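Chain residues, written in single-letter form:
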Amino acid sequence: MKITRIELHNWKNFREVQVDVGQRMFVIGPNAIGKSNLLDALLFLS
């Protein structure tokens, strides 16, 4: 299975977010915007 898109609805601090996933994905940004919560969603799928 290859994940190409992630859609989160009411997941931790996200009300609704859509992320396209390519060969590589870099998650960067300031503190407290949900980087770890996005990675938690990926771990939840595995």
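What comes next concerns the included structure.

How each quantity is defined
- Residue positions are given per chain, counted from 1 along the sequence in the order it is written.
- Reporting of local features is limited, given that this is a predicted model, to residues whose pLDDT is at least 70; pairs of side-chain atoms are given and counted only at 80 or more, and all residues count toward the totals for whole chains, interfaces and linings.
- Side-chain numbers come from the whole structure's heavy atoms, not from hydrogens or water.
- Helix and strand assignments follow DSSP, with helices taken as H or I runs no shorter than four residues and strands as E runs no shorter than two, numbered in order from the N terminus.
- Only buried residues count toward a nonpolar core, which is a set of Ala, Val, Leu, Ile, Met, Phe, Trp, Tyr and Cys residues joined through side-chain atoms within 4.5 Å.
- When accessible area is computed with a 1.4 Å probe and restricted to protein chains, residues below 20% of their type maximum are described as buried, those above 50% as exposed, and intermediate ones as partly exposed.
- Residue contacts are defined here by distance: any two heavy atoms, one from each residue, within 4.5 Å place the two residues in contact.

1. A short note on unusual backbone geometry
Working step 1: Phi at Lys12 takes a positive value of approximately 50°, unusual for a residue other than glycine.
Working step 2: Turning to its location among the elements, Lys12 is positioned in the loop between strand 1 (5-11) and strand 2 (14-20).
Working step 3: If you check the backbone angles, Ala32 has positive phi at about 65° while not being a glycine.
Working step 4: Assignment of secondary structure puts Ala32 in the loop between strand 2 and helix 1 (35-45).

2. A look at the nonpolar core
Working step 1: Ile6, Leu8, Phe14, Val19, Leu38 and Ala41 form the largest nonpolar core, which has six residues in total.
Working step 2: Looking at this core, the elements that each hand over two or more residues are strand 1, strand 2 and helix 1.
Working step 3: In this structure, Ile6 is in contact with Val17, Gln18, Val19, Val21 and Leu42, ignoring residues within four places of it in sequence.

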